[in-house]
Amino acid sequence: MDKIFLSQLSVECIVGIWDWERRVKQTVIIDVEMAADIRKAAATDHIDDTIDYKRVAKRLLAFVGESQYQLVETLTEQIAKVIVTEFGVSWVKVRLNKRGAIRGARDVGIEIERRAEDYAGVTQQTQP
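Note that the structure is predicted; figures quoted are calculated from it, not measured. (Residues numbered from 1 in each chain as written. Predicted model: local features only at pLDDT ≥ 70, side-chain atom pairs only at ≥ 80, totals over all residues. Heavy atoms only, no water.)

Either a parallel or an antiparallel arrangement is found when strands of a sheet pair, and the pairing is made through backbone hydrogen bonds. The strand order across the open sheet built from five strands is 3-1-2-4-5, with neighbouring strands paired in mixed fashion. A single partner strand is all that each edge strand has here, and the edge strands are strand 3 (68–69) and strand 5 (109–115). Two strands pair when backbone bridges link them, and strand 4 (residues 91–97) and strand 5 are joined in this way by seven bridges, in the antiparallel orientation. Within strand 5, the position partnered with arginine 95 by the bridge is glutamate 111. With respect to the sheet, helix 3 (residues 53–66) is in contact with strand 1 (2–15), strand 2 (26–36) and strand 3, its orientation differing from that of strand 1 by roughly 20°. In the packing of helix 4 (residues 72–87) onto the sheet, the strands contacted are strand 1, strand 2, strand 3, strand 4 and strand 5, and the crossing angle to strand 4 comes to about 145°. (Pairing = 2+ DSSP bridges. Helix = DSSP H or I, 4+ residues; strand = E, 2+ residues; numbered from the N terminus. Contact = heavy atoms within 4.5 Å. Axes fitted to C-alpha atoms, helices over the stretch in contact; angles between N-to-C directions.)

Time to look at the pattern of salt bridges. Considering all chains together, one arrives at 10 salt bridges under this definition. Put simply, aspartate 107 and arginine 106 hold a salt bridge, and the shortest N to O gap is 2.6 Å. One salt-bridge network, held together by shared partners, links Lys3, Glu33 and Lys93. (Salt bridge = Lys/Arg side-chain N within 4 Å of Asp/Glu carboxyl O.)

Below, the discussion takes up the pairing of strand 1. As paired elements, strand 1 and strand 2 share 10 bridges and run antiparallel to each other. In the sheet register, cysteine 13 faces strand 2, and the bridge partner there is glutamine 26. Pairing geometry for strand 1 and strand 3, over two bridges, is parallel. By the bridge assignment for strand 3, isoleucine 14 is matched with glutamine 68.

This part is about the pairing of strand 4. Burial within strand 4 is extensive, with six of its seven residues counted as buried. Strand direction decides the pairing type here: strand 2 and strand 4, joined by six bridges, are antiparallel. Following the sheet pairing, methionine 34 is matched in strand 4 by valine 92. (Buried < 20%, exposed > 50% of the residue type's maximum accessible area, 1.4 Å probe, protein only.)

The subject of this paragraph is helix 3. An α-helix turns once every 3.6 residues. As a result, residues three or four positions apart point the same way. In a regular helix each residue adds 1.5 Å, so 14 residues correspond to 20 Å; helix 3 covers 20 Å between its end C-alpha atoms and thus fits that length. All buried positions along helix 3 are accounted for by Val56, Ala57, Leu60, Phe63, Val64 and Gly65. On its buried side, helix 3 packs onto strand 1, strand 2, strand 3 and helix 4. With a side-chain oxygen positioned 3.1 Å from the backbone nitrogen of lysine 54, the residue opening helix 3 is aspartate 52. (Expected span 1.5 Å × (residues − 1). Polar contact = N/O pair within 3.5 Å; in protein donor to acceptor, adjacent residues only side chain to side chain.)

This is the structure in structure tokens:
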């Protein structure tokens, strides 16, 4: 399996359960790996034959930046759902890091893997 990845995509958003977290945007760092078969794109040298990681990044920046979830678990799940349903990805790994959330720890976060089957009942959305 080939993979296309985005590493350390930094986004400010509202995320957290405490009152102050609901008022102040915090930075989350997102790493994404997406399953892809890059052979056709490698042969044609055309962006339409692969996952356009710039479009994925722009979509995630907008989606996460506008989100207001309480839990990083929910935010991470929704990121995976966006990638799978909007970009037709068969498998994705999403790692979300909320730096500084725990005193004494540099990083805290969550990592999930999802497949297209996990969102079988979800209608695929059209990417703007």
